[in-house]
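The chain contents come next:
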Amino acid sequence: MAVSPAAPSSTAAEPAAETTPSQSLPKADDAPRFETHIAPIFRAHCVQCHSADATKAELDLSTVQGVFKGSESGVIIEPGKLEESLLWDMVHEGFMPPEGEGVAPLSEKQLAVIRTWIESGAPLVAKVSPDQLASADEITNLDIEPLMRLRCTTCHGLRKQEAGLDLRTKAAMLKGGKSGPAIVPGKPEESLIVQKIHAGEMPPKEQLVRAGVRPMEAIELESLKKWITAGAPEVPAIPDVATNEPDPLVTDEDRQHWAFQPPRDVTPPAIDSPRVRNPIDAFVLKRLREAGLELAPEADRQSLMRRAYFDLTGLPPTPQQVERFLQDDDPLAYEHLIDRLLDSPHYGERWGRFWLDAAGYADSEGKRSADPLRPYAYKYRDYVIRAFNSDKPYDRFLMEQIAGDELADYENSEALTQEMVDNLVATGFLRMAPDGTGSDIVNTVVERLEVINDEIDIFSSTVLGLTMKCARCHSHKYDPLPQRDYYRLAAVFKGAFDEHDWLKPASVPGQTKTDDGRRFLACATPDEMESIEEQNQRIAEEIKHLEEELERTADEFRARHLRQQLAMLPEALHDELRKMLATPAKQRTERQKELAKEYENRLTLDDKEVTKADGYSRAKTEIDRQIKSLEGEKAGGPLIRALWDRGEPSPTYILRRGEFNQPGRLVGPGVPSVLTDGRTPFEVEPPWPGASSTGRRLALARWLIEPDHPLTSRVMINRIWKHHFGEGIVRSLDNFGKLGAPPTHPDLLDWLAREFVAQGWSMKSMHRLMMTSSTYRQSSLVSREADRRDPENELVSRMPLRRMDAEEVRDSLIFVAGRLKEEQFGRPDPVSVRGDGLVTSVADDGMWRRSIYLKQRRKEIATVLETFDLPQMNPNCRDRVQSTVAQQALYLMNNAMVRQLADAFADRVAAETLDPLTQIDRVYQIALGRAPTDDERAVASETLNELSAEWTRHLQREEKSTDDAPHRALATFCHTMMNSAGFIYID
């Protein structure tokens, strides 16, 4: 039983006629009572957070009605049942009251009083009339409708109504199907749905796996019968949404945290210093001077250039590019360099990778050991690279990824434009989470909710910088993020992510979005279709020619075999036998039939025998290799892995404790209340008149890009800053909440956030602003004073020395060896899994593309990338860890591919010069972006001579020519440079 919220509270001090929430429970006369014993404890320790004014976790402990109503997790008091009472679990385990709230923990004596009160049946002092008590067992349509969706509506709902039956609402149940009404109010035994379930006919056992449902549990069936017995009571389904009234769960005080307030309009401080090139320097210098510090000296031009190249392209500069920059005496030479790098196609490959990390990009589904591939995920990768290269405004970038399908009516367009296609490809952002539901056996609501949770986690951590995933099960412990807000956000995505109307992933996609519920859209512009058809037709013709060539080769082997066999037979039979073989079996004469019976098997080879013929298998292997290579060159079809609104989302219920079968209150779409004023409804409308889409994600996207949004611009600016300066202004990139790191330069963060918006959300403008500052141009040298006053470099008193990340390591090794294939976009390059577990990239004629184009299968990460900390994406990567372990040095020293690249590096140098000293200079220039010092040149020359002598002795022992010794020495020297700190670290 639960006290009705409408029942008046009692504060009577004197005992009155005794009433308990359960009259059947035994009571001791001296047991504690709520009003006299329990309420004072709650007032002293609990109501600060759990009262009518502050209902954290939707719990009010200030009144008896609130106590027995319970919280977002359900009933918290089970009279007489201590171990089933959630309140007791929370207080005796010490979870409540929480630390840091300024409230003392409960004493042992207070815990004993609460324990005795619950065990005694939770008695009250006040007399409460029966009409003031509401039964917790009362069941309405709001309890039964989610049960029907969980167990029945896969076959009797929106997409399918077998036997004409829809079980989503009471009205539909009364209407029934071909066999009549599904329920008879008041008569569960006469209700067809109960009869079918009792008989084990529904859901059909043979259909359970395919449908992704499980049989109704006994307690669920009892609830259904109880509802029918009560006459199938129905109450209005009014979802909890934001209104013009103040939010009861999130207060204005909750919104005072700096990250929940819009970025402030900050004026850069006036700093008298020649080092102030732009406002960034003024903000940083102000903090430094407050700590008694100044900026570090400016880095030398070579270091600065190498730093800029790696930061913006992920590749080292060539010797020619270094020379051009060093000889440029224009005062703005550095600024022009930044502009050139921002215009490089490699910029999008570098910075697109950072976004793909945050999005959780992978070319496979993950979750299961099979790890099925996502054949069209690469189109999203290409979209991201192109978006960065074109400097697509960040607000538009977000709009397309969150609601690209709701930006234009692509379904009714006569011809798709490139913009429409890009919009749809962009929605791949919301398809990146690990997803194992492609297998029927694990395609139930439980697994689907995991996928949705991962997507919300990716969205909230990447775009909002908030940790919302814990609010799936309970209100956030530290941030004002009620469980209700998690489910409001889930309702926003429900038009596309509906656990009761699910689209399965598939490695072999269908052709349209209606085909077998798969996640693919068939769409391309007319020009794209023409280009695809032309390319694939050309490749098909080449393959046909190769197949014809193979058939001609087979015919030659058959003809040779025939000549060899005829040579062993009487010459008089030769002509007859040839005519017999040339004549179809049904048209042969009796004489030819006799000859065929005796000689045909001897004179002919079937396909299997041809394959075994000497020489043919080699020809077939080579032609098969060429055909496979051509197949890989075929343009991807018009299919894209997209997300779209399906128009009729099922209702969203708060799931108590996040459990799929514990639906609570109905909620509607909305955004985290703490990021609003708490008095403004979340307005949703169809994206265009007559649209089948709900427009919910479009409303979310528009809310996100409001200029004064508290987090959108701050979070992205912080990410950009982190990748330039080593740490974010807020070091916890994914957590701007109360437990996140406070900003080291709050004024600078707000100024940058507002400047970002003022510059049209241009990311390239922000790169230019940061990289042309004196702050960025600092040396990495650490002074004794800076080390003492700013040991963690929180004040940015120098630039951090950083190690290359995984892609920079691999791409740089390939680049300096002259083996980088600069082809962009398209299907990912394959990887090979060796018997020893090493995962290697497959070369194309000795060339490799950049790492971003490698197939990124969650369970088959290229070893070189995994060794240098490429994340697995589970579900995404908020901030890469950087380890320093022995395996990294051992890999560079011993890996066969690295040694092969060192040989290629030596070939490149030797092709330019045969002079040893010039070769040394060239190796330094290519690998490190600078010439060697005199000491380095002397040591390198001596080392090269020793290596040459050692190789000579080795080749002599092997009894081989020693002519190759100098080249092998050069390759060893190149390999050594590839292992050096100067190569791996960026100053």
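Residues numbered from 1 in each chain as written. Predicted model: local features only at pLDDT ≥ 70, side-chain atom pairs only at ≥ 80, totals over all residues. Heavy atoms only, no water.

Quick look at the overall build of the protein chain
As a reminder of what qualifies: The helix count covers DSSP runs of H or I at least four residues long, the strand count covers runs of E at least two residues long, and both are numbered beginning at the N terminus. Only protein chains enter the area calculation, which uses a 1.4 Å probe; residues under 20% of their type maximum are buried, those over 50% are exposed, and those in between are partly exposed. Whether two residues are in contact is decided by their heavy atoms, any of which lying within 4.5 Å being enough. Only the protein chains shown count as covering a residue, and every accessible area follows the Shrake-Rupley method with a 1.4 Å probe. Here Asp and Glu are counted as negative and Lys and Arg as positive; His is not counted, and neither are the chain ends. One atom stands in for each charge, and that atom is NZ of Lys, CZ of Arg, CG of Asp or CD of Glu.
Assigned secondary structure in the protein chain consists of 37 helices and 10 strands. Dimensions of the protein chain, computed from C-alpha atoms along their principal axes, come out at roughly 120 × 105 × 60 Å. Put simply, the protein chain has 987 residues, and 53% of those count as buried. Taking as baseline every contact in the protein chain between residues at least 6 positions apart, the subset at least 24 positions apart corresponds to 70%. When the accessible area of the protein chain is evaluated, it comes to approximately 44,700 Å², of which 51% is carbon and sulfur surface. Within the protein chain, one finds 125 positive and 160 negative side-chain charges whose respective centroids are separated by 3 Å.

Regarding the packing of helix H16 (residues 394–403) against helix H17 (residues 418–426)
What counts here: Axis geometry follows a simple rule: fit a line to the C-alpha atoms, using only the stretch in contact for helices, then measure angles between N-to-C directions, giving values from 0 to 180 degrees. Throughout this description, any angle smaller than 35 degrees is read as roughly parallel, any larger than 145 degrees as roughly antiparallel, any in the 65 to 115 degree range as roughly perpendicular, and the remainder as oblique. Just so you know the grouping, Ala, Val, Leu, Ile, Met, Phe, Trp, Tyr, Cys and Pro go in nonpolar, Asp, Glu, Lys and Arg go in charged, and all remaining residues, Gly too, go in polar.
Close contact between H16 and H17 brings their axes to 6 Å; oriented N to C, the two are set at 70°. Viewed along their axes, H16 and H17 adopt a mutual orientation that is roughly perpendicular. Across the interface between the two elements, Arg 396, Glu 400 and Gln 401 from H16 touch Glu 419, Asn 423 and Ala 426 from H17. Residues belonging to the contact of H16 with H17 are distributed by class as follows: one nonpolar, two polar and three charged.

What about the confidence of the model for the protein chain?
As a reminder of what qualifies: Residue-level confidence of the predictor is summarised by pLDDT, bounded by 0 at the bottom and 100 at the top.
Summary statistics for the protein chain give a mean pLDDT of 90 and a share of 95% for residues scoring 70 or more. Taken as a whole, residues 1–27 scores under 50 in pLDDT and shows 62 contacts with residues more than four places along the chain or in a different chain. Counted against residues more than four places away or in other chains, residues 508–517, with its pLDDT under 50, gives 18 contacts.

Here's the deal with the nonpolar core
Note the following rule: Residues belong to one nonpolar core when they are buried, are Ala, Val, Leu, Ile, Met, Phe, Trp, Tyr or Cys, and are joined through side-chain atoms within 4.5 Å.
Core analysis: the biggest nonpolar cluster contains 137 residues, and Trp 355, Tyr 380, Leu 700 and Leu 752 have the highest contact counts within it. Per element, the largest residue contribution to this core is nine residues, and it comes from helix H18 (residues 445–464). With residues near it in sequence (within four places) discarded, Leu 700 still touches Ile 402, Phe 459, Leu 489, Val 492, Phe 493, Val 671 and Phe 682. If you look at the next biggest cluster of nonpolar residues, it comprises 50 residues, including Phe 815, Ala 817, Ile 920 and Leu 947.

A word on H18
Just so we agree on the cut-off: By definition here, a helix of n residues has an expected span of 1.5 Å times n minus one.
Counted at 1.5 Å a residue, the expected span for H18 with its 20 residues is 28 Å, and the 27 Å between its end C-alpha atoms agrees. Among the 20 residues of H18, 18 are classified as buried, and the element is accordingly described as predominantly covered. Residue Gly 465 follows H18 closely and has a positive phi angle near 65°.

Quick word on the packing of aromatic side chains
Put simply, the test is: Between the rings of Phe, Tyr and Trp (Trp by its six-membered ring), a pair exists once the centres lie within 6.5 Å; its type follows the angle of the planes, with under 30 degrees stacked, over 60 edge-to-face, and the other angles tilted. In this scheme, Lys NZ or Arg CZ marks a charge over a ring once it lies within 6 Å of the ring centre and within 35 degrees of the ring normal.
Tallied over the entire structure, the rule returns 23 aromatic pairs. Between the aromatic rings of Tyr 376 and Phe 520, the centroid separation amounts to 5.8 Å while the plane-to-plane angle is 75°, which identifies the pairing as edge-to-face. Of the two residues, Tyr 376 sits in the loop between helix H14 (345–359) and helix H15 (378–389) while Phe 520 sits in strand S3 (residues 520–522), which places them 144 residues apart along the sequence. Members of the aromatic cluster, joined through ring pairs, are Tyr 347, Trp 355, Tyr 380, Tyr 383, Phe 388, Tyr 394, Phe 397, Phe 429, Phe 756 and Trp 761. Over the face of the ring belonging to Tyr 776 we find Arg 307, whose NZ or CZ atom lies 5.6 Å from the ring centre.

A few points about helix H34 (residues 916–928)
Under the 1.5 Å per step criterion, the end-to-end length of H34 is 18 Å for 13 residues, consistent within 8% with the ideal 18 Å. Every buried residue of H34 is listed here: Gln 919, Ile 920, Arg 922, Val 923, Tyr 924, Ile 926, Ala 927 and Leu 928. Residue Gly 929 follows H34 closely and has a positive phi angle near 75°.

Focus on the environment of Pro 262
Among the secondary structure elements, Pro 262 is positioned in the loop between helix H9 (218–229) and helix H10 (279–290). Taking relative accessible area as the criterion, Pro 262 reaches 37% and is therefore assigned partly exposed. Those residues within four positions of Pro 262 in sequence are excluded, and the remaining contacts are Asp 708, Pro 710 and Arg 714.

Some details on the pattern of salt bridges
The line we're drawing: For this analysis, a salt bridge means a side-chain nitrogen from Lys or Arg found within 4 Å of a carboxyl oxygen belonging to Asp or Glu.
Taken as a whole, this structure holds 77 salt bridges when the rule is applied. Ionic pairing is found between Asp 485 and Arg 484, a salt bridge with its closest N-O pair at 2.8 Å. The partner of Asp 734 in a salt bridge is Arg 878, with the nearest N and O atoms 2.8 Å apart. Taken together, the residues span a long stretch of sequence, with Asp 734 in the loop between helix H26 (712–725) and helix H27 (746–758) and Arg 878 in the loop between helix H31 (863–867) and helix H32 (886–894) at a distance of 144 residues. According to the relative accessible area criterion, Asp 734 is buried, its value standing at 16%. One network of salt bridges, in which partners are shared, links Glu 58, Asp 240, Asp 247, Arg 484, Asp 485, Arg 488 and Arg 665.

Some words on a negative patch on the surface
Here is the rule: Two joining distances apply to patches: 9 Å for like charges and 5 Å for nonpolar side chains (Val, Leu, Ile, Met, Phe, Trp, Tyr), and every residue must have over 30% relative accessible area and no salt bridge.
A cluster of acidic side chains, namely Asp 527, Glu 530, Glu 533 and Glu 534, defines a negative patch on the protein surface. Along the polypeptide, Glu 533 turns up in helix H20 (residues 526–566).

Some thoughts on the side chain of Arg 448
Stated formally: Here a polar contact is taken to be a pair of N or O atoms separated by no more than 3.5 Å, where protein atoms must pair a possible hydrogen donor with a possible acceptor and residues adjacent in sequence count only if both atoms sit in side chains.
For Arg 448, the location among the structural elements is in helix H18. With no salt bridge to any partner, buried Arg 448 finds its closest opposite charge in Glu 447, at an N-O distance of 7.0 Å. Polar side-chain contacts of Arg 448 include one of 2.9 Å to the side chain of Asn 443. With near-sequence residues (within four places) excluded, Arg 448 lies in contact with Ala 211, Gly 212, Thr 437, Asn 443, Glu 499, His 500 and Trp 502.

Some words on the side chain of Ser 71
Looking at where Ser 71 falls in the secondary structure, it is placed in the loop between helix H2 (64–69) and helix H3 (86–92). Contacts of Ser 71, omitting those with residues within four sequence positions, involve Ala 57, Glu 58, Leu 59, Ile 76 and Leu 86.

Some words on unusual backbone geometry
Met 96 connects to Pro 97 through a cis peptide bond whose omega is -5°. When you line up the elements, Pro 97 lands in the loop between H3 and helix H4 (108–119). Cis geometry marks the peptide bond from Met 202 to Pro 203; its omega dihedral reads -10°. One non-glycine residue, Ala 232, adopts positive backbone phi at about 55°. Among the secondary structure elements, Ala 232 is positioned in the loop between H9 and H10. A positive phi angle, close to 60°, is found at Asn 793, a residue other than glycine. Along the chain, Asn 793 falls in the loop between helix H29 (784–789) and strand S7 (802–803).

Observations regarding the state of the cysteines
For clarity, the cut-off: Disulfide assignment relies on a single distance test, namely cysteine sulfur atoms paired within 2.5 Å.
Tallying each qualifying case throughout the model produces zero disulfides. Not part of a disulfide, Cys 46 finds its nearest cysteine sulfur in Cys 49, a span of 8.9 Å. Take Cys 470: it sits in no disulfide, and the sulfur closest to it among the cysteines is that of Cys 473, at 8.7 Å.

A closer look at the packing of H26 against H27
Between H26 and H27, whose axes approach to 9 Å, the crossing angle comes to 105°. Relative to H27, the element H26 lies roughly perpendicular. Across the interface between the two elements, Ser 713, Arg 714, Met 716, Ile 717 and Trp 721 from H26 touch Leu 748, Leu 749, Asp 750, Leu 752, Ala 753, Phe 756 and Val 757 from H27. For the contact of H26 with H27, a count of residues per class yields nine nonpolar, one polar and two charged.

A word on the environment of Ala 613
Inspection of the secondary structure puts Ala 613 in the loop between helix H23 (607–612) and helix H24 (616–633). You can call Ala 613 buried: its relative accessible area is 16%. On a C-alpha basis, the gap between Ala 613 and Ala 554 in space is 9.2 Å, while along the polypeptide they are 59 residues apart.

Overview of the environment of Trp 351
Mapping Trp 351 onto the fold places it in helix H14. Along the backbone, Trp 351 and Gln 778 are 427 residues apart, and their C-alpha atoms lie at a distance of 22 Å. Discounting chain neighbours no more than four positions away, the residues touching Trp 351 are Asp 311, Leu 312, Phe 388, Ile 720, His 723, His 724 and His 767. There is a polar contact of 2.8 Å between the side chain of Trp 351 and the backbone oxygen of Asp 311.

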